Structures are given as C-alpha cells and as structure tokens.
Amino acid sequence: MKTFLCTCGNQLYFENSQCLRCGKTLGFLQDLQLITPVEPHGNEQWHALHSTADKRSYRKCRNYEQASVCNWMIPADEPDIYCGSCRLNQVIPNLSEPNNLTLWHRIEQAKRHLIYTLLELGLPIVDRNEDPQHGLAFEFLADPDPSAEFYDDVGKLSRVMTGHRNGTITINIAEADPSAREEMRVKMNEQYRTLLGHFRHEIGHYYWSKLVQGTQWLDEMRALFGDERTDYEAALERYYAGGPRADWPDNYISAYASAHPSEDWAETWAHYLNMIDTLETAHDLEFMIARRSITHPTDALEKGIQYAFDPRVTFDILLEDWRNLTVAMNALNRSMGLPDAYPFVWSQTVTDKLRVVHKLIKNSKQ
C-alpha cells in the first residue's frame, strides 16, 4: 500500500478522510488510484486538487457522505451513488446495534484495502450488475443474539460462518472485534488471523472460479494443489476432528491449507497478496535490505527493467525481497516484545505454489 501527499506537503495514508495538518477533506480516486485533497464545488460536487486529476469533479460515495465508513469518491458524471468498493455490498450490519457501525467501519477499511490491491494487480472485478448470479458480492452478518425473543437451541447452530459461495463473500462482523478475533485465533490454534487476511483468503476462492475453473490452467493447478472436487464437507470434518496432516509444514503454507485443495489454493493466494502489498509498502517507504532497495512488485516494466510480472525472473526477486523483509519485520517485532509479524516458513513446494499464482496473475492482467 502506497502513501500519498497532501497539497500542504503532509503525508497521507489510505484510510485518511482529512489531512491532520491543513484540515482539507480527502478522497480516494479509484480511476487514478490515489488519495487527494478535494474542495467543494457546488451541488455536492468536489474538485480533486491532485495535479494529475486536473481539478476533475467528483461526488462522495453515499457511505462516505452519510455513514463516514468510506473515503472514496465517484466521478461526477457517473450515475452510481456508491463507489466501486461499496457497490459490491449486498448486506451490511444492522446499524441499530450500537457497536455495529464501528465494526462496519473496520470491515470497509479492510475491504477497500483488498480492492485497491486487486486493482493494482489488474485483476478482473465482476460485480452483480455484470453477472447477477456469480458476480462478486459481500455480506456482513452477525451471529444470532442469544437474548432475542425467538432464539432457541436451534438458533445456536446458526452461527455466521465467514466464507465464499458462488461469488458471495460472507464475513462474520465479529472478525472486526480484535478481542473476539484473538480469542478465535487461540481457540483454532492459528499462527495468524486478521480481518484483511479473511478478505484475501475468501477472494482467492472467487478467483479460482474466475481464473482457473474451466480454463487451460485447471490441470496445472490441480497437479499442485490437488483436485478441488474432493468432498469438501468430509475433508473439513476430518480436519477439525483429527487436526492437520502430519506433513503439512513440508507441503502447505499453513495447517489449515492441508484441509482441502480449495483451502490450500485460498491460503496460498492470500499469502501472495500479503507479500505483494507489504512489498509495495516497503518500496514506497524506501526500505533497503542489505543495501539494496525493495523491488516494487508491479511497476518495474514501466521503467524498462525486465522483472515485473515476468515469472522467469520476477518471482525470484520478489521472494528474495520478501524473505529478507520478513526476517527484519520479525526481528523488529521481537525487539518490541510482540509476536512475529509473519510467523511462516516456506518449503520448496509452497514456493512452487506461490510461483504459479504469480504466473496466473501475470497472464490474467486486464
């Protein structure tokens, strides 16, 4: 994730909606992939002040204007009332519940972060307007309230499960509560559990259906990840009853990845997005490891350097940068008395899986 600059020279971050130095209102312009100050221009329109925007007119997303859970803008000549991220929502939390607005705000931040990365990678995002049955959509739901009038023993079985089905990604809003999420991480014996990580994992399932299923890539992916047609429910039941496969450290990026080929794919996809996004951040902040600058994961071809999105070279460079960076990140966290930022070690098999994800994305760029 990049950082940005206000016209006053202050550094801006992706989540900001106001400059803390000069007080200007900020907005994210999806068409230019940047945060910029904006100024009112009559009839609920705003001029973008960034030099590349050429004072184009925009409107605030309705979720920015009315709920302050978004900071994205819409070109003034477009008919949509929601931005490219918010219009993917099918269900939002019940805002009559006092804490749900806070949880929704955190969820939308993570989702926008995800959408930004997908756009940077040039991946297709097909919404429900384009594909009513299988287009990308999000549902943010809460577990049933035990104190509700009609809650009974049957209701206890209806806990909202974070997951993906036919293009719809469901997120249990409890994942936006840090204490509840940490409790679940410990209960599930996981090394790593974040709200953004859930989005990255579930979008992996979506892109299997869009980029792999029914394509020339299917045989290659099955050779590495296994046959996704294997009984999913039975596999998950075995996993939760007996734990991960004994050989999972040698063949999978996480214990959960060993549960089923579909989960192996989604876990690997999520870790690839972790790597790409964090390397972009390190590059933007001008990190150097062993006296060498961190490679930008997407823009090198524009500079005539033949490594970006060239699977013969790019992935090896990105992998070297990632390994060096995560060693440094983990050492810094330990110096602060914190858990490792990236508590994973890759085997050669996992590296091969990540490499093929990289190759797929390279060949799927819009």
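Note that the structure is predicted; figures quoted are calculated from it, not measured.

J.: Teacher, can you tell me more about the pattern of salt bridges here?
T.: Any two side chains of opposite charge can pair if their charged atoms end up close together. Taken as a whole and assessed by the stated rule, the structure comprises 19 salt bridges. With a shortest N-O distance of 3.2 Å, R200 and D277 are connected by a salt bridge. Highlighted residues: R200 in helix 4 (residues 195-212) and D277 in helix 8 (residues 261-284), separated in sequence by 77 residues. A relative accessible area of 5% places R200 in the buried class. On the basis of relative accessibility, which here comes to 6%, the residue D277 falls in the buried class. Here E228 ties to R222 by a salt bridge, and the two come within 2.7 Å at their closest N and O atoms. Taken together, the salt bridges that share partners define one network made up of R222, D227, E228 and R229.

J.: For this particular structure, what's the right way to read the packing of helix 2 (residues 100-120) against helix 4?
T.: When two helices pack together, their arrangement is given by the angle between their axes and by how far apart the axes lie. At a minimum axis separation of 9 Å, helix 2 and helix 4 run at an interaxial angle of 50°. If you check the angle between helix 2 and helix 4, you find them oblique. Note that helix 2 runs across helix 4; the crossing there is right-handed. Together, R106, I107, A110, K111, H113, L114 and L118 of helix 2 and L195, L196, F199, R200, I203 and Y207 of helix 4 make up the contact between the two elements. For the contact of helix 2 with helix 4, a count of residues per class yields nine nonpolar, one polar and three charged.

J.: How should the side chain of T351 be read in this particular structure?
T.: Mapped onto the elements of the fold, T351 is located in helix 10 (residues 348-364). Beyond its immediate stretch of four places on either side in the chain, T351 contacts F315, L319, R323 and W346.

J.: Teacher, can you tell me more about the layout of surface pockets here?
T.: Think of a ball as big as a water molecule: rolled over the atoms, this probe shows where empty space is left. Each pocket or cavity is described by its volume, and for the second largest pocket that value is around 510 Å³. If you go around the second largest pocket, you meet 22 residues; those closest to its centre are Y192, M329, D340, A341 and Y342. Those elements that place two or more of their residues in the lining of the second largest pocket are helix 3 (178-187), helix 8 and helix 9 (314-335). The residue makeup of the lining of the second largest pocket, split by class, is 11 nonpolar, six polar and five charged.

J.: For this particular structure, what's the right way to read the sheet that holds strand 5 (residues 46-48)?
T.: Within a sheet, adjacent strands bond to each other through the backbone by hydrogen bonds, running parallel or antiparallel. Ordered in space as 3-4-5-6-7, the five strands form a closed barrel in which the pairing is mixed. Taking the axes of each pair of neighbouring strands and ignoring which way they run, one obtains an average angle of 55° across the sheet. Note that strand 3 (residues 25-29) and strand 7 (residues 72-75) share two bridges and pair parallel. In the strand pairing of strand 7, L29 is matched with M73.

J.: Which parts of the structure should I look at to understand the nonpolar core?
T.: Counting 83 residues, the largest nonpolar core has F199, I203, M221, W265, W269 and W346 as its most contacted members. Other than its neighbours up to four places away in sequence, W269 contacts L123, R200, I203, G204, Y207, L211, V357, L360 and I361.

J.: Got a minute to help me understand the sheet that holds strand 11 (residues 168-172) in this structure?
T.: Spatially, four strands are ordered 8-9-11-10 in an open sheet, and the strand pairing comes out mixed. In this open sheet, the two edge strands, each paired with only one partner strand, are strand 8 (89-91) and strand 10 (163-165). Mean inter-strand twist for the sheet, computed between neighbouring axes without regard to direction, equals 25°. Summarising the sheet, strand 8 and strand 9 (residues 137-141) pair through two bridges and their orientation is parallel. Pairing of N89 across the sheet is with F138, part of strand 9. Most of the contacts of helix 2 go to strand 9, to which it runs at about 155°, and overall it touches strand 8 and strand 9.

J.: Sorry, what's going on with the packing of aromatic side chains here?
T.: In this description, a pair of aromatic rings is defined by centroid distance and the angle of the planes. For the structure on display, the rule yields 18 aromatic pairs. Ring plane angle 70° and centroid distance 6.3 Å describe the contact between F28 and Y116, whose orientation is recorded as edge-to-face. Residue F28 is found in strand 3, and its partner Y116 is found in helix 2; the two are separated by 88 residues along the sequence. A centroid spacing of 5.2 Å and a plane angle of 20° characterise the contact between Y207 and W269, whose relative ring orientation is stacked. With Y207 in helix 4 and W269 in helix 8, this residue pair connects regions lying 62 residues apart in the sequence. Comparing Y207 with W269, the two get one shared label, buried. Chaining the aromatic ring pairs together yields one cluster made of Y206, Y207, W208, F225, W265 and W269.

J.: Got a minute to help me understand the environment of K187 in this structure?
T.: Of note, K187 is situated in helix 3. Along the sequence, K187 and H47 sit 140 residues apart, while their C-alpha atoms lie 49 Å from each other.

J.: Looking at this structure, I do not really get the pairing of strand 7. What am I missing?
T.: Regular strands show a simple pattern: their side chains alternate between the two faces of the sheet. A two-sided burial pattern is seen for strand 7, the buried positions comprising W72 and I74 on one face and M73 and P75 on the other. Pairing of strand 6 (residues 57-60) with strand 7 involves three bridges; the strand directions are antiparallel. What sits directly across from K60, in strand 7, is M73.

Cut-offs used in this document
- Note on numbering: residues in each chain are counted from 1, in written sequence order.
- Selection of residues for local features in this predicted model requires a pLDDT of at least 70, selection of side-chain atom pairs for listing and counting requires 80 or more, and totals for whole chains, interfaces and linings are taken over all residues.
- With hydrogens and water stripped out, all remaining heavy atoms of the structure feed into the side-chain values.
- Salt bridges are identified by distance alone: a Lys or Arg side-chain nitrogen within 4 Å of an Asp or Glu carboxyl oxygen.
- Numbering goes from the N terminus for both helices and strands, where a helix is a DSSP run of H or I of at least four residues and a strand is a run of E of at least two.
- Categorising residues by exposure relies on relative accessible area from a 1.4 Å probe, with only protein chains included: less than 20% of the type maximum marks a residue as buried, more than 50% marks it as exposed, and the intermediate range marks it as partly exposed.
- Throughout, an axis means a line fitted to C-alpha atoms (over the contacting stretch in the case of helices), and angles, computed between N-to-C directions, take values from 0 to 180 degrees.
- Angular relationships are summarised with four words: roughly parallel below 35 degrees, roughly antiparallel beyond 145, roughly perpendicular across 65 to 115, and oblique for the angles in between.
- Crossing handedness follows the turn of the near helix against the far one: under a right angle anticlockwise gives a left-handed crossing, and clockwise gives a right-handed one.
- Here, residues are in contact when the closest pair of their heavy atoms is within 4.5 Å.
- Following the grouping adopted for this structure description, the nonpolar residues are Ala, Val, Leu, Ile, Met, Phe, Trp, Tyr, Cys and Pro, the charged ones are Asp, Glu, Lys and Arg, and the polar ones are all others, Gly among them.
- A 1.4 Å probe that fits into a set of points on a 1 Å grid over the protein atoms alone but cannot get out defines a cavity; an open set with protein on both sides within 12 Å along at least five of seven lines defines a pocket, and lining residues are those with an atom within 4 Å of a point.
- Grid points are joined across faces, edges and corners, and a volume is the space filled by probe spheres set on the points.
- Whether two strands pair comes down to DSSP finding at least two bridges between them.
- Remark: nonpolar core denotes a set of buried residues (Ala, Val, Leu, Ile, Met, Phe, Trp, Tyr, Cys) joined through side-chain atoms within 4.5 Å.
- By convention, a stacked pair of Phe, Tyr or Trp rings (six-membered ring in the case of Trp) has centres within 6.5 Å and planes under 30 degrees apart, an edge-to-face pair has planes over 60 apart, and any other such pair is tilted.

Spatial relationships are all this shows, so hold off on functional conclusions.
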